[in-house]
Each structure stands twice: as C-alpha cells, then as structure tokens.
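The primary structure of each chain is shown beneath.
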Amino acid sequence: METKNKKFIKVILFLLGFSNLLAQESAIEILQKVKDNSTLIENAKYKFVITSEFENNVLPINGMFYIKDEKYFIDTEQIDQIYDGDKFYTIIHENQEIIVSDKDNTFFNFTPNQIFNYFLNGFELEIEKLLNNSYLIIAENNQEEDIFYSIVINSANLSIEKIEMIEKKSNSKINSFLTLKYDYNLIVPLSLFKFDDNNYKNYLIVSQNWKF
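1. Section: the side chain of Asn141
Then, number 1: Assignment of secondary structure puts Asn141 in strand β8 (residues 134–141).
Then, number 2: For Asn141, a relative accessible area of 10% corresponds to the buried category.
Then, number 3: From its side chain, Asn141 meets the backbone nitrogen of Gln143 in a polar contact 2.8 Å long.
Then, number 4: When sequence neighbours within four positions are dropped, the list of residues in contact with Asn141 reads Gly122 and Phe123.

2. Here's the deal with the sheet that holds strand β5 (residues 88–92)
Then, number 1: With mixed pairing, the 12 strands of this open sheet are ordered in space as β7-β8-β9-β10-β11-β1-β2-β3-β4-β5-β6-β12. Strands with a single pairing partner mark the edges of an open sheet, and in this sheet they are β7 (123–129) and β12 (204–207). With strand direction ignored, the average angle separating the axes of adjacent strands in the sheet is 15 degrees.

3. Observations regarding unusual backbone geometry
Then, number 1: Not every positive phi belongs to a glycine, and Gln96 is a case in point at roughly 50 degrees.
Then, number 2: Note that Gln96 resides in the loop between β5 and β6 (97–101).
Then, number 3: The phi torsion at Asn171 lies on the positive side, around 55 degrees, for a residue other than glycine.
Then, number 4: Inspection of the secondary structure assignment puts Asn171 in the loop between β10 (159–167) and β11 (172–183).

4. Comments concerning the pattern of salt bridges
Then, number 1: Enumeration over the complete set of coordinates arrives at four salt bridges.
Then, number 2: A salt bridge links Lys168 to Glu140, with the nearest nitrogen and oxygen atoms 3.0 Å apart. Remark: Glu140 occurs in strand β8 and Lys168 occurs in the loop between β10 and β11; sequence separation between them is 28 residues.
Then, number 3: On the basis of relative accessibility, which here comes to 31%, the residue Lys168 falls in the partly exposed class.
Then, number 4: Overall, the relative accessible area of 29% leaves Glu140 in the partly exposed class.
Then, number 5: As a salt-bridge pair, Glu164 and Lys162 come within 3.8 Å of each other at their nearest N and O atoms.
Then, number 6: A cluster of three or more residues bridged by salt bridges with shared partners is formed by Glu53, Lys162, Glu164 and Lys173.

5. Here's the deal with the pairing of β8
Then, number 1: Most of β8 sits inside the fold, with seven of its eight residues counted as buried.
Then, number 2: Pairing analysis gives seven bridges linking β7 to β8, with the strands arranged antiparallel. Each bridged residue has a counterpart across the sheet, and for Leu125 the counterpart in β8 is Ala139.
Then, number 3: Linkage of β8 to strand β9 (residues 147–154), two consecutive antiparallel strands, is achieved through a turn of five residues.

Calculation notes
- Residues numbered from 1 in each chain as written.
- Predicted model: local features only at pLDDT ≥ 70, side-chain atom pairs only at ≥ 80, totals over all residues.
- Heavy atoms only, no water.
- Helix = DSSP H or I, 4+ residues; strand = E, 2+ residues; numbered from the N terminus.
- Buried < 20%, exposed > 50% of the residue type's maximum accessible area, 1.4 Å probe, protein only.
- Polar contact = N/O pair within 3.5 Å; in protein donor to acceptor, adjacent residues only side chain to side chain.
- Contact = heavy atoms within 4.5 Å.
- Pairing = 2+ DSSP bridges.
- Axes fitted to C-alpha atoms, helices over the stretch in contact; angles between N-to-C directions.
- Salt bridge = Lys/Arg side-chain N within 4 Å of Asp/Glu carboxyl O.

This is the structure we're talking about:
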C-alpha cells in the first residue's frame, strides 16, 4: 500500500495543467491538447490536499503549488520542492536535509510531459459529463489491474477538482487529490523559484541521483 501512495504522489499533481480543456472531445484528445498547450500555463497557484484512506508516513500532504512557465515551487509542512528550470531541490524539514537532483530523480514528478505521457501511453481513457459542468475521466491500465484513476475536471475554470486512486474489486478509494483553491494570471515573485541556501543554514545538502 505504501508503494501505491508514493506512486500516486508522483503521477498526480501535474494534471493541474488542464488549462486549455475543450469539451465534447474524447479523453485522449483532451489530454493530448492539454499536453500540447501545457507550456502556456504560467503564474498559477493551487491550494491542494492529498489524502489516503490508510495510515502511512507519506500522506496526508497539503500545501501550495506555484508555477511559472516550467519552474515551480511546492510548499508543504513536511516537504518543499523547488524546480528552477535546471535542478530540483527537495527540502525535507523533519530530517533537515536538502536533496539536489536531476529531472529523473524527484519526490514530486511535476514535469508536464511526465504526467501526460504516463496517462497517454498504456491507459484506456473514458470521459463522461457529470453534474455542475464537471467532466469525469476514468483511466485504467492493464499493468495495474487492481486499481483505476478517477479524474474530475471543472469545465468552468478548467482545473482539476479531484483525482482518486480506486481499488477495482471493492470500488473503494485508496488515495485522493483535491484542489481546495485555484488562481491564475497572478503576479508570482521570481524568488519563489530560486533556491537560496542561506534560508537553510542548519540543513545538510546532498547532491545525488535520488528517487522516492
């Protein structure tokens, strides 16, 4: 179960890039258009919470996600992460440790191509209309026969409302991502996306290829 919690975190949050969603299209067409236009997303802020139905040492996590172009800053109580366009800085507050890593070794995989390629390769996608102008995408993968993903999209502000990892056999929720607040076209200070070691004087900085 712990592995699923970690995997859920890695694949979840870059679905926040659904900024150019077009209705009345197939799920694949929607995801492809979002992927193609994801570079247009900038100066956005999300307040989010990721929870689990099972006790573990990873979830729940709640915080803020700021994005400008391809740079981003994730601010949570347990772990922060900065991507400055070149390096990832994962700041683990409990251990007072900072891990500097490359694009392929991160705690949160927030690169747009990573998440969209994940769902566009190997997943069967279905879409249907829900109440209140929301859309539901069901994502299933033959390699993950025991689970599927439920993705609810708000068509009014073109954002993700909720994503759930669900066990097929019991139809019960395992993990859940919820957008609490979403804003865009903001003035986001560039300092958010720059790592300054002066802010972490008592932290150990480790540079390595590290994967959670």
